[in-house]
Amino acid sequence: MENKIDQFFKDKLEGHSLPLSEEAWAKVEANLSKKNNVAIWRIAAAILITGALISVIIWSQRDNKNTEHVIATKKSNKGSVKEKPASQIPSVEKKEQIKSNNKKTSTKMPQPVSPQSEDKMEEKEITPIIPPETKEETVVVIKEIIQDEKINTKATSPTTIASTKQKPIKLEFTLEGFSSEQPVATASEEKSSGLKKVWDLAREVKNGDGPVHEIKNELFALSFKKSKNQ
Amino acid sequence: MGFQIYRAKETELIEGCQRHNREAQQALYRTYSGKMYSLCCRYVKDRMEAEDVLVTSFTKIFEKIGQYKGEGSFEGWIRRVVVNESLTYLRRNKNMYLEMDIEAAAYEPDYHKLDTQLEADDLMKMIEELPVGYRTVFNMYAIDGFSHQEIADQLGISENTSKSQLSRARALLQKKLMEIEKELIQKTN
């Protein structure tokens, strides 16, 4: 019964059409041209925006190139100072230079350092890489370090206890990893023979062998004796 | 052969519309506008409003004709766009679901007799007189071939509501058809 009604209406009405006023087509046309205009405006706006973006990017890149050029010239000036042969540089100057180099590397590769020993760590980091000529200076520096009994840093090689009566003094040395992640600095350092020496010494100390390591052990032993006498 | 020629013409028209050719658009409009207007009038009672719905529908058809990939009949695709647009209008403007209790008719009218006596316009009037909820579901299910699931999704109602609306619409139409049948019998006597 129900399907008969449905079918009855479907047969009569599916293909049925009604007359329509001419205005309807005019309205459709108007709508279409309106949409076309909107589309044209959108395209124009998109082109303008992309053009503006591209010009901004090009402009900023030019700025970057200029600043890079300035930095490069500054670096080259610094490099010329570094290129002085190690023998010509006075020992104090050399020390300062080493300090500054170490500071640079320490900022590049941060390591966990306890806050109270932060200042002295810088000195401590230098001590192993001072060449044997500056022996007297190293004695002073190491004395200062020993006053700070415990310095907790990332351990590499705990060393020497002078006497059994004293509290055990633990000294730990941390060396910055000489990794390949310092492309600019290392490239300039390798050029100067003095810094190469320092590099080799640092490696020796890191590995726990070589003349510097022996000197360091001797100095520690001496200072412990001194403090015992006091 | 004739069907193939018709298909070729239709494809040509569609391609012209996809290139935004105004003549092709007008030709397509002339082919389908009368049928689609009738469809709109079945859903939207007011003829002027039905015309507005048709205008919006054809604007959308020409904008989205690129989406038609030749799957299924083109008329079916147009029909769907127009039905969707009519439903959008109804959702925006009317309270769709008027509940009414209608008693089922005791017997069926003679459809064969009615078919010869009644014109499509008479049936259009009968549909237009239905409450909007019944009219929509009846149009969608009985004439435009939507399933109850599709109707439920489109109108945001349950399938059961769609079914109950349809059966009430049928009952109302049946009642009206029987009244017309009675009148016809009285006239002949």
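On a predicted model such as this, the values are computed, not experimentally measured, just so you know.

**A word on the overall build of chain A**
Counting secondary structure elements, chain A contains eight helices and zero strands. Listing each helix as α and each strand as β along chain A from the N terminus yields α-α-α-α-α-α-α-α. When contacts within chain A are restricted to residue pairs at least 6 apart in sequence, long-range pairs at least 24 apart make up 64% of them. Looking at chain A as shown, the accessible area adds up to about 15,700 Å², and 56% of this sits on carbon and sulfur atoms.

**Overview of the confidence of the model for chain B**
Summing up the model confidence of chain B, the mean pLDDT is 86 and the portion of residues at 70 or higher is 90%. At the level of chain-chain contacts, confidence expressed as ipTM amounts to 0.81, with global pTM at 0.52.

**Notes on a nonpolar patch on the surface**
A cluster of nonpolar side chains, Ile49, Leu53 and Ile57 of chain A, forms an exposed patch at the surface whose accessible area comes to about 300 Å². Ile49 of chain A gets classed as exposed once you look at its relative accessible area, which sits at 52%.

**Focus on the confidence of the model for chain A**
As a general rule, the predicted coordinates of low-pLDDT regions are not to be interpreted in detail. All names here are of chain A. Looking at chain A as a whole, its pLDDT mean stands at 64, while 37% of the residues score no less than 70. Within chain A, the element-level pLDDT minimum falls on helix α4 (residues 118-126), averaging 46, and the maximum on helix α1 (residues 2-13), averaging 84. When the criterion is pLDDT under 50, residues 153-158 qualifies, and its contacts beyond four places in sequence or with other chains add up to 14 contacts. Note on residues 181-190: pLDDT is under 50 here. Beyond four places in sequence and across chains, it has twelve contacts.

**A closer look at the packing of helix α2 (residues 22-43) of chain B against helix α6 (residues 120-128) of chain B**
Residue and element names in this part refer to chain B. Here α2 crosses α6 at 35°, and the two axes come no closer than 8 Å. Judged by residue contacts, Ser38, Cys41 and Arg42 of α2 engage Met124, Ile127 and Glu128 from α6. Residues of the contact of α2 with α6, tallied by class, amount to three nonpolar, one polar and two charged.

**What to know about the interface of chain A and chain B**
Contacts between the two partners involve 30 residues from chain A, matched on the other side by 42 residues from chain B. Interface area, chain A with chain B, both sides summed: about 3,500 Å², of which 64% is carbon and sulfur. At the boundary of chain A and chain B, one finds five salt bridges. A salt bridge links Lys27 of chain A to Glu51 of chain B, with the shortest nitrogen-to-oxygen separation between them at 3.9 Å.

**Digging into the pattern of salt bridges**
Summed over the entire model, instances satisfying the criterion amount to 13 salt bridges over all chains. When the shortest N-O distance is used, the salt bridge between Arg170 of chain B and Asp6 of chain A registers 2.5 Å. With Arg170 of chain B in helix α9 (residues 159-188) and Asp6 of chain A in helix α1, this pair bridges two chains. In this structure, Arg170 of chain B and Asp6 of chain A share a single accessibility class: buried. Taken together, the shared-partner salt bridges in this structure form one network comprising Lys35, Arg42, Glu75, Arg79 and Asp144 of chain B.

Here is what the cut-offs are and how they apply
Residues numbered from 1 in each chain as written. Chains lettered and ligands numbered in written order. Predicted model: local features only at pLDDT ≥ 70, side-chain atom pairs only at ≥ 80, totals over all residues. Heavy atoms only, no water. Helix = DSSP H or I, 4+ residues; strand = E, 2+ residues; numbered from the N terminus. Contact = heavy atoms within 4.5 Å. Areas by Shrake-Rupley, 256 points an atom, 1.4 Å probe, with all protein chains shown as cover. pLDDT = per-residue confidence, 0-100. Patch = residues over 30% accessible without salt bridge, like charges linked within 9 Å, V, L, I, M, F, W, Y side chains within 5 Å. Salt bridge = Lys/Arg side-chain N within 4 Å of Asp/Glu carboxyl O. Buried < 20%, exposed > 50% of the residue type's maximum accessible area, 1.4 Å probe, protein only. Axes fitted to C-alpha atoms, helices over the stretch in contact; angles between N-to-C directions. Nonpolar A, V, L, I, M, F, W, Y, C, P; charged D, E, K, R; others polar. Buried area = accessible area lost by both parts, 1.4 Å probe.

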